[in-house]
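Reading the structure
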Amino acid sequence: MPNAVQSLLDILDLEPLEHNLYRGRSPQSGWQRVFGGQVIGQALVAATRTVDADRRVHSLHAYFMRPGDPTVPIVYEVDRIRDGKSFATRRVVAIQHGHAIYSMSASFQVREEGLDHQLAMPDVPHPDRLMSEEQMKAMVMASAPKPIRAYWERERPIEFRPVSLKHYVSREQLDAVQRVWFRATGPLPDDPAIHACVLAYASDMTLLDTSLFAHGRSVFDRDMQVASLDHAMWFHRPFRADEWLLYDQDSPNASGARGFTRGSIFAADGRLVASVAQEGLVRLRPATA
């Protein structure tokens, strides 16, 4: 198993402290704040640990309230709000330095059969026909600014293959649409709960970037302040996060220093496996506003 994937699984393996209380740690990668997807994934792990195994997460709704400090652990406190015959509801609060930095509500359901329809997957090239990350780095990243190079050169647990590379090499104002194939860079355990938590982790990647495409901007621009504010996910069908998934994203709105983005996640066979929505801070810093 690649080191980055094993590190991700270690990060998602929370330490139980007490009944409904767990502790998570952050990778010491030099970032000034904790990656939002890490907190989403760890909070979902904490909630899942308190639910019977026959119930799978079907939705989560979360708010980011303070930036996480990667130098100290995060404590996750779970409130077992309800256990019904079909559904279980949990609330999770992530705490650092005595303050809540994140809160999440999640709902779990036993497997049921019912009506079935879905949005069709976009017609895009299969990832095998796209450049690998290594090829993309060799072609694009050699001339990229230092922050972008540092981000892409680090070994990561999730591999991405964008359908289009235009926004990496252009400051042109583009349609606020992004389509990216992704998967874990190594095999994951067969437990579906692990795959749900890894997908939750990955769902925060690239999403907010899409709201900047219409403005020819990047999350790496030094005059931009960019951060996730809230995050919602709905899990529709079984999937594996170590197999190719297509993240189809669009941003219908940016206003009030906030960008709103939606995402549909498809398995390679066309099944819609999850939907995502997020609003984030996309603020021009005062000196350039």
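Summarised in this report is the structure supplied together with it. All chains use their own residue numbering, which begins from 1 and follows the written sequence. Two thresholds apply to this predicted model, a pLDDT of at least 70 for residue-level local features and 80 or more for giving and counting side-chain atom pairs, whereas whole-chain, interface and lining totals are computed over all residues. The basis for the side-chain values is all heavy atoms of the structure; hydrogens and waters are excluded.

The helix and strand tally for the chain stands at six helices and 12 strands. For the radius of gyration, the atoms used are the C-alpha atoms, and the globule rule reads 2.2 Å times the number of residues raised to 0.38. Computed over C-alpha atoms, the radius of gyration of the chain comes to 19 Å, within 12% of the 19 Å expected from 2.2 N^0.38 for 289 residues, which places it in the range of a compact globule. Once the C-alpha set of the chain is aligned to its principal axes, its extents read approximately 55 × 45 × 40 Å. Note on exposure labels: buried denotes an accessible area under 20% of the residue type's maximum, exposed denotes more than 50%, and partly exposed covers the range between, all computed with a 1.4 Å probe on protein chains only. Taken across its 289 residues, the chain has 48% of its residues classed as buried. The contacts in the chain between residues at least 6 apart in sequence include a share of 72% that link residues at least 24 apart. Put simply, DSSP marks the helices as runs of H or I at least four residues long and the strands as runs of E at least two long, and each gets a number from the N terminus on. When checking whether two residues touch, look at their non-hydrogen atoms; a contact exists if any pair is within 4.5 Å.

Before going further, it helps to examine the packing of helix α2 (residues 36–48) against helix α6 (residues 192–202). Lines fitted to C-alpha atoms define the axes, with helix axes restricted to the stretch in contact, and inter-axis angles between N-to-C directions lie between 0 and 180 degrees. In the contact formed by α2 and α6, the axes pass within 7 Å of each other and the chain directions differ by 155°. If you check the angle between α2 and α6, you find them roughly antiparallel. You can see that α2 and α6 cross each other, and the crossing is right-handed. The residues of α6 that touch α2, namely those facing G37, Q38, I40, G41, L44, V45 and T48, are A193, A196, C197, A200 and Y201. Class assignment of the residues belonging to the contact of α2 with α6 gives a composition of eight nonpolar, four polar and no charged. Each angle is binned into one of four classes, with values under 35 degrees roughly parallel, values over 145 roughly antiparallel, values of 65 to 115 roughly perpendicular, and all other values oblique. Handedness of each helix crossing follows the sense of rotation of the near helix against the far helix: counterclockwise by less than a right angle gives left-handed, clockwise gives right-handed. Polarity classes work like this: nonpolar for Ala, Val, Leu, Ile, Met, Phe, Trp, Tyr, Cys and Pro, charged for Asp, Glu, Lys and Arg, and polar for all others, with Gly in that last group.

A pair of Phe, Tyr and Trp rings is counted when the ring centres sit within 6.5 Å of each other, with Trp represented by its six-membered ring. The angle between the planes then sorts it: under 30 degrees is stacked, over 60 is edge-to-face, the rest tilted. Enumeration according to the criterion identifies four aromatic pairs in this entry. A centroid spacing of 5.8 Å and a plane angle of 50° characterise the contact between F182 and Y247, whose relative ring orientation is tilted. Of the two residues, F182 sits in strand β8 (residues 177–184) while Y247 sits in strand β10 (residues 245–255), which places them 65 residues apart along the sequence. The pair F182 / Y247 is uniform in exposure class, with both members buried.

Here the focus is helix α1 (residues 3–12). Among the residues making up α1, those that are buried are A4, V5, L8, L9, I11 and L12. Projection of α1 onto a plane perpendicular to its axis shows the buried side chains occupying an angular sector of 160°, all on one side. When we speak of the arc, we mean the arc of directions from the helix axis to the C-beta atoms.

Let us look at the pattern of salt bridges. Salt bridges are defined by distance alone: a side-chain nitrogen of Lys or Arg within 4 Å of a carboxyl oxygen of Asp or Glu. Tallied over the entire structure, the rule returns 15 salt bridges. The salt bridge involving R90 is made with D83; its shortest N-O contact spans 2.9 Å. By relative accessible area, R90 is classed as buried at 0%. Three or more residues joined by partner-sharing salt bridges are found here, namely E159, R161 and R183.

Our next topic: the side chain of Q42. Looking at where Q42 falls in the secondary structure, it is placed in helix α2. According to the relative accessible area criterion, Q42 is buried, its value standing at 0%. N or O atoms within 3.5 Å of each other form a polar contact, as long as, within protein, one can give a hydrogen and the other can take it, and as long as residues adjacent in sequence are counted only when both atoms are side-chain atoms. Among the polar contacts listed, one links the side chain of Q42 to the backbone oxygen of R25, at a separation of 3.0 Å.

Our next topic: α2. In an α-helix, one full turn covers 3.6 residues, which means residues spaced three or four apart are oriented alike. If you check α2, its first and last C-alpha atoms are 18 Å apart, about what 13 residues at 1.5 Å a residue would give, namely 18 Å. Within α2, 12 of the 13 residues are buried, leaving the element largely enclosed by the surrounding structure. Buried within α2 are the following residues: G36, G37, Q38, V39, I40, G41, Q42, A43, L44, V45, A46 and A47. Expected helix span is taken as 1.5 Å per residue step, with the number of steps being one fewer than the number of residues.

A word on the sheet that holds strand β5 (residues 87–96). Strands are treated as partners if at least two bridges between them are detected by DSSP. If you walk across this open sheet you meet the 12 strands as β1-β2-β4-β5-β6-β3-β9-β12-β11-β10-β8-β7, and the pairing is antiparallel. Of all strands in the sheet, those bounded by a partner on one side alone are β1 (15–18) and β7 (158–162). In this sheet, neighbouring strand axes are inclined to one another by 25° on average, regardless of whether the strands run parallel or antiparallel. For β8 and β10, the ladder comprises six bridges, and the chain directions are antiparallel. Considered in β10, the bridge of V180 is made with Y247. Relative to strand β6 (residues 99–110), α2 is tilted by about 50°, and along the sheet it contacts β2 (21–24), β3 (55–64), β4 (74–83), β5, β6 and β9 (224–235). Of the strands in this sheet, β3, β7, β8, β9, β10, β11 (258–267) and β12 (272–284) are in contact with α6, which crosses β9 at around 150°.

Of the two faces of β2, only the one carrying Y22 and G24 is buried; L21 and R23 on the other face are not. Pairing analysis gives three bridges linking β1 to β2, with the strands arranged antiparallel. Looking across to β2, one finds that E18 is bridged to L21. The pairing of β2 with β4 spans four bridges and is antiparallel. What sits directly across from G24, in β4, is I74.

A word on the pairing of β6. Relative to β6, β3 runs antiparallel, the two being bridged by nine bridges. If you follow H61 over to β6, its bridge partner there is S105. Pairing geometry for β5 and β6, over 10 bridges, is antiparallel. Bridged to V93 within β6 is S103. Hairpin connection between β5 and β6: a loop of two residues separates the two successive antiparallel strands, and H97 in this loop has a positive phi of roughly 55°.

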